[in-house]
Every structure is written in structure tokens, then in C-alpha cells.
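# A closer look at the structure
The chain contents come next:
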Amino acid sequence: MTLDTYRSVYTVKFEGVVYVLHAFQKKSKHGIATPKQDIELIEARLKRAKEHYEKHYKQRLEEDKNEQGN
């Protein structure tokens, strides 16, 4: 029987939207540090998630709030 261990899923939540940035199978039996390569990948994905949110969601959510206030 093989037991697989998975690292935490890295997520970010903006108003009304949750992005999953990274999840991966833990291969090392020792250590808890996330490899630098994975940190860089997560940072790049966070930047893209922010850009995507700004382009596709932020304005729409603000418009919805304004409509509810009127």
C-alpha cells in the first residue's frame, strides 16, 4: 500500500473569486520547505491571477454594487 502526501494548495481569494495557484505531490520524506522553483511559479501565477481579476471581475463587481445601491 502506497500513501501519497500532498502539499497544501496555494490559493488567493479576491472579492467573489478564488484562484487555485498551485498544488503538488510531496515527494521528499523529510523537510517542509517549498522548493524555490515552486515559489517562483506561485508568484508568477499570483501576478497573472491579479491581472485576470482586474480585467474580468473587478469592474463587474463594482458595477453590481453601484446598481444595488441605487
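Residues numbered from 1 in each chain as written. Predicted model: local features only at pLDDT ≥ 70, side-chain atom pairs only at ≥ 80, totals over all residues. Heavy atoms only, no water.

### Topic: the packing of aromatic side chains
Short version of the rule: Pairing of aromatic side chains here covers Phe, Tyr and the six-membered ring of Trp, requires ring centres within 6.5 Å, and sorts the geometry by plane angle: under 30 degrees stacked, over 60 edge-to-face, intermediate tilted. Type-normalised accessible area, obtained with a 1.4 Å probe on protein chains alone, sets the label of each residue: buried when under 20%, exposed when over 50%, and partly exposed for intermediate values.
Inspection of the entire model under this criterion finds 3 aromatic pairs. Between Phe-14 and Tyr-19, the ring centres sit 5.9 Å apart and the planes meet at 70°, which makes this aromatic pair edge-to-face. Each member of the pair, Phe-14 as well as Tyr-19, carries the same accessibility label: buried. Following the ring pairs from residue to residue traces out a cluster consisting of Phe-14, Tyr-19, Tyr-53 and Tyr-57.

### A word on the nonpolar core
Inclusion rule: Residues belong to a common nonpolar core when they are buried Ala, Val, Leu, Ile, Met, Phe, Trp, Tyr or Cys residues joined through side-chain atoms within 4.5 Å. Helix and strand definitions follow DSSP, with helices as H or I runs of at least four residues and strands as E runs of at least two, each counted in order from the N terminus.
Counting residues in each nonpolar core, the largest one holds 8 residues, listed as Val-12, Phe-14, Val-17, Tyr-19, Leu-21, Ile-42, Ala-49 and Tyr-53. Looking at this core, the elements with two or more residues in it are β2 (10-14), β3 (17-22) and α1 (36-69).

### Notes on the pairing of β2
Within a regular strand, side chains alternate between the sheet's two faces. Stated formally: At least two bridges found by DSSP between two strands is the condition for calling them paired.
Sheet topology note: the β2/β3 ladder contains 5 bridges and is antiparallel. By the bridge assignment for β3, Tyr-10 is matched with His-22. Taking the residues that link successive antiparallel strands as the turn, the β2-β3 hairpin has 2 residues, and the phi of Gly-16 there is positive, at about 80°.

### Things to note about the pattern of salt bridges
Short version of the rule: Definition used for salt bridges: Asp or Glu carboxyl oxygen within 4 Å of a side-chain nitrogen of Lys or Arg.
Tallied over the entire structure, the rule returns 2 salt bridges. Note that Glu-40 is salt-bridged to Lys-36, the shortest N-O span being 2.5 Å. Pair noted here: Glu-40 and Lys-36 are both in helix α1, with a separation of 4 residues, about one helical turn. In this structure Lys-36 comes out as exposed when scored by relative accessible area, which is 61%. Put simply, Glu-54 and Lys-58 hold a salt bridge, and the shortest N to O gap is 3.8 Å. With a gap of 4 residues between them, Glu-54 and Lys-58 both fall in helix α1, about one helical turn apart. When its relative accessible area of 46% is taken as the criterion, Glu-54 is described as partly exposed. By relative accessible area, Lys-58 is classed as partly exposed at 31%.

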